[in-house]
Amino acid sequence: MDSAVTAPAPALDKPLMHYGKRTLDRMAPGAAQPDYRLLDVRPLTPHIGAEIDGVDLSRPIGEDLAEEIRQALLEWKVLFFRGQDAFDPQSQLAFAGLWGEPEENPFFPKGDTAGVTRLAKDAMVMGTENIWHSDHSFMAAPALGSVLRAIEVPSAGGDTMWADMAAAYDNLTDAMKDRIEGLTAVHDWVVSHGALMNESQRAAHRENLPAVEHPVVVRHPRTGRKVLYVNEPFTTRIVGLSDPESRELLDELVLQARIPEYQVRFRWQPGSVAVWDNIATQHYAISDYFPQRRVMERIAIAGVPLS
Ligand code: SIN
């Protein structure tokens, strides 16, 4: 950039560019650094995403190993395991069980195994996960995490990205933190999943899935860390604001997930497995591979109401 600019800068109420370093703390202030004795943890960025080597997830996972994996997930927010060729739906259910019970997605086709959702895309079936979101935020107790297994992947493309929403919160201005403190927002499936339905399908789903409210800034249920918890497809308005005010604020907040410093990107191979913290992160499945085929299976892990 030309440093010898002489024209006066236009008056802006918001900076257009994000110069300089960001606050990218991996863990909550004061949290102890875990000591891994059974895991080989290879970070993919300084604060989000790590590949874990030397673990066969198809074998029974003892309590010491389970505890290290849970610690690593709290630290890195998304973990990747490659070469898990013997990992099947039963081992995927057992692995997800390290955190909790499986939770069905009400809108996706069911897989052959109860609790396992099959996400199969090809020339005829478009991807609908290529928008920054956290799974099931439209539920009163949103999923705590998800486990995703790659079965068939395109020769190139079809990566998934995750964004660290605690880092996104940390880097908001103090004025913005003050503005959103104590606010709640409505989360609803109707403008995203509902847009692909007819009126009677929407009415049938509505009976079981009313719109819900969550704080705009939640405390992570395990770490207590503050997390920016609004997402583009499911957060429809901020309670207590006029429609234009709510839209303007939401537009600014949901954009935070798109900032590259908060992100990690994973290139899948058949047999790759990811587990993510669905409260601390949002994710985006890149739909750049059509008409090639991509087949994944996902288990969401039931969560708790957020505060
Ligand atoms: C999802 O949004 O849960 C699926 C992510 C993916 O298919 O990469």
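Note that the coordinates shown come from a computational prediction; the quantities given were computed from them, not determined experimentally.

*Asks:* Outline the overall build of the protein chain, listing residues and values.
*Replies:* Tallying secondary structure elements over the protein chain gives six helices and 16 strands in all. Computed over the C-alpha atoms, the radius of gyration of the protein chain is 20 Å, within 12% of the 19 Å expected from 2.2 N^0.38 for a compact globule of 307 residues. Counting only residues that meet the buried cut, the protein chain has 50% of its 307 residues in that class. The long-range share in the protein chain, meaning contacts at least 24 apart out of those at least 6 apart in sequence, stands at 82%. Surface summary for the protein chain: the accessible area is close to 14800 Å², and the carbon and sulfur share equals 53%.

*Asks:* Go over the pattern of salt bridges, please, and point to the residues and values.
*Replies:* A complete count under the given rule lists 23 salt bridges for this structure. For Arg265, the salt bridge is made with Asp159, and the minimal N-O distance between the two is 2.9 Å. Of this pair, Arg265 sits in strand 13 (residues 263-266) while Asp159 sits in the loop between strand 6 (145-152) and strand 7 (160-164); the two residues are 106 residues apart in sequence, bridging distant segments of the chain. The class for Arg265 is partly exposed, based on a relative accessible area of 46%. Each of Arg42, Glu51, Asp53 and Arg82 takes part in a single network of salt bridges with overlapping partners.

*Asks:* So what about the sheet that holds strand 13? Which residues, and what values?
*Replies:* The sheet built from three strands is open, its strands ordered 13-7-15 with antiparallel pairing. Each of the sheet's edge strands pairs with one partner strand only, and the pair in question is strand 13 and strand 15 (281-285). Recorded for the sheet is a direction-independent mean angle of 20° between the axes of neighbouring strands. By the bridge criterion, four bridges tie strand 7 to strand 13 in an arrangement that is antiparallel. By the bridge assignment, Thr160 is partnered in strand 13 with Phe266.

*Asks:* Summarise the site of the ligand; cite the residues concerned and give the values.
*Replies:* By nearness alone, every residue bordering the ligand is listed as Leu119, Glu129, His133, Asp135, Leu148, Thr160, Trp276, His283, Ala285, Arg294 and Arg298. Separating an oxygen atom of the ligand from a side-chain N or O atom of Asp135 is a distance of 3.5 Å. Between the ligand and the protein, one listed contact pairs an oxygen atom with a side-chain N or O atom of Arg294 at 2.8 Å. Starting from 260 Å² of accessible surface for the ligand in isolation, the protein chains cover 100%. Looking at the shell around the ligand, the elements with two or more residues in it are strand 15 and strand 16 (294-301).

*Asks:* Before we move on, can you summarise the pairing of strand 1 (residues 40-43) with the specific residues and values?
*Replies:* Here strand 1 pairs with strand 2 (residues 50-53) via four bridges, running antiparallel. Counted as the bridge partner of Val41 is Ile52 from strand 2.

*Asks:* For helix 1 (residues 63-76), give the residues involved together with the corresponding values.
*Replies:* Under the 1.5 Å per step criterion, the end-to-end length of helix 1 is 20 Å for 14 residues, consistent within 8% with the ideal 20 Å. For helix 1, the set of buried residues is Leu65, Ala66, Glu68, Ile69, Arg70, Ala72, Leu73, Glu75 and Trp76. Here the buried face of helix 1 lies against strand 1, strand 2, strand 3 (78-81), helix 2 (89-96) and strand 14 (273-277). Lys77 sits one or two positions beyond helix 1 and adopts a positive phi of about 75°.

*Asks:* Go over the sheet that holds strand 9 (residues 212-215) with me, naming the residues and quoting the values.
*Replies:* The three strands lie next to each other as 9-8-12, forming an open sheet whose pairing is antiparallel. Both edges of this open sheet fall to strand 9 and strand 12 (235-238), since each of them pairs with a single strand only. Strand-to-strand, the axes of this sheet are offset by a mean angle of 35°, without reference to chain direction. As defined by bridge partners, strand 8 (residues 184-187) adjoins strand 12 across three bridges and the pair is classed as antiparallel. Along strand 12, the bridge assignment pairs Ala185 with Ile238.

Each value, and the rule that gives it
Residues numbered from 1 in each chain as written. Predicted model: local features only at pLDDT ≥ 70, side-chain atom pairs only at ≥ 80, totals over all residues. Heavy atoms only, no water. Helix = DSSP H or I, 4+ residues; strand = E, 2+ residues; numbered from the N terminus. Rg over C-alpha atoms; globule rule 2.2 N^0.38 Å. Buried < 20%, exposed > 50% of the residue type's maximum accessible area, 1.4 Å probe, protein only. Contact = heavy atoms within 4.5 Å. Areas by Shrake-Rupley, 256 points an atom, 1.4 Å probe, with all protein chains shown as cover. Salt bridge = Lys/Arg side-chain N within 4 Å of Asp/Glu carboxyl O. Pairing = 2+ DSSP bridges. Axes fitted to C-alpha atoms, helices over the stretch in contact; angles between N-to-C directions. Near = heavy atom within 4 Å. Polar contact = N/O pair within 3.5 Å; in protein donor to acceptor, adjacent residues only side chain to side chain. Expected span 1.5 Å × (residues − 1).

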